[in-house]
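Chain by chain, the residues run as shown.
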Amino acid sequence: MTDPEIFVDVILPIPLPRLFTYCVPPDMVENLEPGIRVVVPFGKKKQYSGIVFSVHQNKPTDYETKPILSVLESSPIVNTSQLDFWQWMAEYYQCTLGEVYKAALPSGLKLESETRVYYNPDYIQLDDLPEKAIKVLSLLSEKKVCSIQEINTFLNQKSSVALLHKLMEENAVFVSERLKESYKAKTENYLRIAENYRSEQKLHEAFDLLEKAPRQLNLLMTLIQKTGGAGNVLKGTGIARKDLLDENNSATSALNELIKKEIFEQYALEVGRLEQTTEAVQQKSTFSPAQQTAYDAIEKAFEDQIVVLFHGVTSSGKTEIYIHLIEKHLNRGEQVLYLLPEIALTTQITTRLKRHFGNKLGIYHSKFSSEERVEVYRDLLENQNYQVILGVRSSIFLPFHNLGLVIVDEEHEHSFKQFDPAPRYHARDAGIMLAHKHGAKVLLGTATPSIESYYNARKGKYALVELNTRHEDIQLPRILITDTREARRKKQMKSHFTPLMLEHVQESLQNKQQVILFQNRRGFSPFLECNVCSWVPKCNFCDVSMTYHKKMNQLVCHYCGHTVTTPSTCNACGSPALSTHGFGTEKIEEEIQLMFPDARVSRMDLDTTRSKKSYQKIISDFEDGRVDILIGTQMITKGLDFDNVSVVGILNADNMLNIPDFRAFERGFQMMAQVSGRAGRKHKQGTVVLQTSSPEHPIIGYVVENDYQTMYRTQIEERQLYKYPPFYRLINLTLKHKSKGVVEKAADELAGRLRAIFGERVLGPQEPPVARVQNQYLTRIILKFEKGHSPSYVKQLMNDATNAILSRPQWKYVTILTDVDPL
């Protein structure tokens, strides 16, 4: 009797609406289970590494199955709880499993036929390699870079992915994603006694041989001493080459002679890329009475609720409460996920958590190279060292096996929302579902809760714990309003600064204290304009003016990244009279340096924080007093703690409040309240100077009084009246096409079909504020649903409508993007 034929459903890293089924060759059936990576063919020539979703005996009737080409490992790379979480995400956020897979795994764990492979020039071969692997290395050493397809052709075989996977493990090659970072080898050169000299007699012979070579003899003595004695040396124990040379004044030539004489041998030892700490772990601090009360209330709330909203004012000591909670869960043998909205925040929090949890703490974010992220992923998968993960939104995809607590710090931040590409998930909401699937608890921490979270807490869906006093009874900052319209009328403005702003900056500098200036726009100036004909340079590919960056002498489109050299004359009339309008962080930096020439000024925005270590350098320079004035965008508003900041300046409150968005007032309040919280620490009250042309605006008043409750009441009434979250659920459909006429007709047809199904819940279509991006015209349809509708049923009805549109020949190249719970 023949064994039944085995099939697998495979998730591929491409947006397919359903899974593809492949047949399994008999020699690959053993140990095949969900979560294992396999290499499969797709289309005529492409190959991908996919994830096995299920193993079964049901042969598809719609198409002829192809065989899987190879199995990449013997145990799953994705566990069953992850696959369950992926399914929920694909269903709720109305995307495909392939899109979730692409977002969830580090690029080093995804190989496809278009991936480019690079030779590692520092590779040292230690083990015997298969003949084909040696051929590939020879090819790469000559060409330096090849695609997987080129390697397949060179070897005359269907797939080389399994072979390349082996070479990647050997650190002999790396894939194209690695080029985003400067290359850091995964191995370190070590030295040990050569095998021929690993006996007492041979070691004595080595001493005799080196009697007249004192520097070489010193190196041998150092090796014996540093490895713990002759016994360890004879066992082949080694020492890092760098350490040996450091102990012997860089005696490189003497060392090379020892290797040449075959007394020493050099070998490569695999080392982790992730930093390890050797500092002693500190004990957690004792609580203040207010902190103890809040901690006890959180613990009590967790007895009945999965989610607790922790509303604590800025500088109230929330992080210390987090540390106590983390320790409690670690003592139970559980894992903890600590989510932050910005990479910048991880710099400060990392230092603090490392002091308490040492090497139990793992860090995961996009500034890490692909290989570093793979190491964190594998550490968790194999349950090695990390018990606490500190990371940004992508950390929710890591392979937790015993998750006990999820902390979402600054839960109100819109940085937790993924915008492009799909899945367009919100890490706070996805983190709550992740915790639910693991039976874990969730703590949402913030000084300015989102309207939705506070509503859920008031309605009893979440527990609510509040901490309304600052730690060590530090006073909340005094907030001074200065009217820019009045100052301009009286001609008191000095560039973009009111006299009150400059007076407090000057006073702070004289007192050897620090200043933070907040302007939520990067670049030098939002746009240039011709003084003669009013021509404004616009992006060739987007319907938006280009931002002037003076340092680069370029105009940059902040939507598509297109850059051009700043023109010296008007492109329309030829006049040289071009002037800047508005101001960004770069212009503020230049003007502050002119006004306060003795002050040390630094800037923190997207332009100055592109490299891996840039956040850390800017923040540590400011912490250590090497910078007097820090100018920044919203990055500086999010939970950073600086002891010596006495003045915070908000340079333009109006641009936060005048955005055509129902969340504008909520966000404006949150941003101003958060940046105000950076002022005044440890026994001194800080000052916030807030520049606005509308001092009577109600939100400005709520910020001055730190009155979250009134802000919440006014906003929740409006939301209910106009059918917005948290009372209704929003879904945005964005249609894109290179022809404006085509996209408008497709949108009208789609809106009509959706109205036939959902009625008045469909709004639009309408053009967004920027109606063309990257030469694609955009139009948007908004759907509003009452809470309680089934996401899967809505998804099915929407898919039927969109498929009916995309199946038409004239609209087959229209792209439709779905954004559930848009921000």
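Residues numbered from 1 in each chain as written. Predicted model: local features only at pLDDT ≥ 70, side-chain atom pairs only at ≥ 80, totals over all residues. Heavy atoms only, no water.

What's the story with the overall build of the protein chain in this structure? I'm lost.
Within the protein chain one finds 26 helices and 34 strands. Per-residue burial for the protein chain yields a buried fraction of 55% across its 823 residues. Counting only contacts in the protein chain whose residues sit at least 6 apart along the sequence, the fraction spanning at least 24 positions is 74%. Put simply, the protein chain shows about 37,500 Å² of open surface, and 47% of that area lies on carbon and sulfur atoms. Between the centroid of the 100 positive side chains of the protein chain and the centroid of its 98 negative side chains there is a distance of 4 Å. (Helix = DSSP H or I, 4+ residues; strand = E, 2+ residues; numbered from the N terminus. Buried < 20%, exposed > 50% of the residue type's maximum accessible area, 1.4 Å probe, protein only. Contact = heavy atoms within 4.5 Å. Areas by Shrake-Rupley, 256 points an atom, 1.4 Å probe, with all protein chains shown as cover. Lys, Arg positive; Asp, Glu negative; His and termini not counted. Charge placed at Lys NZ, Arg CZ, Asp CG, Glu CD.)

How should I be thinking about the pattern of salt bridges in this particular structure?
Side chains that differ in sign of charge can pair as their charged atoms come close. Per the stated rule, a full pass over the model turns up 35 salt bridges. One salt bridge in this structure joins E265 and R198, with 3.2 Å as the shortest N-O distance. Taken together, the residues span a long stretch of sequence, with E265 in strand β11 (residues 264-270) and R198 in the loop between β9 (187-193) and α6 (200-209) at a distance of 67 residues. Under the relative-accessibility criterion, R198 is labelled partly exposed at 25%. The salt bridge partner of R719 is E666, with a shortest N-O separation of 2.7 Å. Remark: E666 occurs in helix α22 (residues 664-676) and R719 occurs in helix α24 (residues 708-721); sequence separation between them is 53 residues. Across the pair, E666 and R719 agree in class, each one buried. (Salt bridge = Lys/Arg side-chain N within 4 Å of Asp/Glu carboxyl O.)

Is there a simple way to think about the sheet that holds strand β8 (residues 173-175) in this case?
Pairing is antiparallel in the open sheet, where three strands are placed in the order β7-β6-β8. With partners counted over all chains shown, the strands left at the sheet margins are β7 (145-147) and β8, one partner each. Sheet twist, expressed as the mean angle between neighbouring strand axes with direction ignored, is 30°. Strands in contact with helix α3 (residues 131-143) are β6 (116-119), β7 and β8; relative to β7, the strand with the most contacts, it is inclined by about 120°. (Pairing = 2+ DSSP bridges. Axes fitted to C-alpha atoms, helices over the stretch in contact; angles between N-to-C directions.)

Help me out: how do you make sense of the sheet that holds strand β24 (residues 563-565) in this one?
Remark on secondary structure: sheet strands pair via backbone hydrogen bonds, oriented parallel or antiparallel. Pairing within the open sheet is antiparallel, and its three strands lie in the order β22-β23-β24. The open sheet has two free edges, formed respectively by β22 (547-549) and β24, since each of these has just one partner strand. Direction aside, the axes of adjacent strands within the sheet are offset by 30° on average. In this structure, strand β23 (residues 554-556) lies alongside β24, joined through three bridges in antiparallel fashion. Directly across from Q554, in β24, lies its bridge partner T565.

When you look at the packing of helix α1 (residues 80-92) against helix α26 (residues 791-806) in this model, what are you seeing that I'm missing?
For any two helices packed against each other, the geometry comes down to the angle between their axes and how far apart the axes lie. Where α1 meets α26, the axes come as close as 8 Å, and the angle between the chain directions of the two elements is 55°. The orientation of α1 with respect to α26, classified from their angle, is oblique. Together, A90, E91 and Y92 of α1 and P791, S792 and K795 of α26 make up the contact between the two elements. Partitioning the contact of α1 with α26 into residue classes produces three nonpolar, one polar and two charged. (Parallel < 35°, antiparallel > 145°, perpendicular 65-115°, else oblique. Nonpolar A, V, L, I, M, F, W, Y, C, P; charged D, E, K, R; others polar.)

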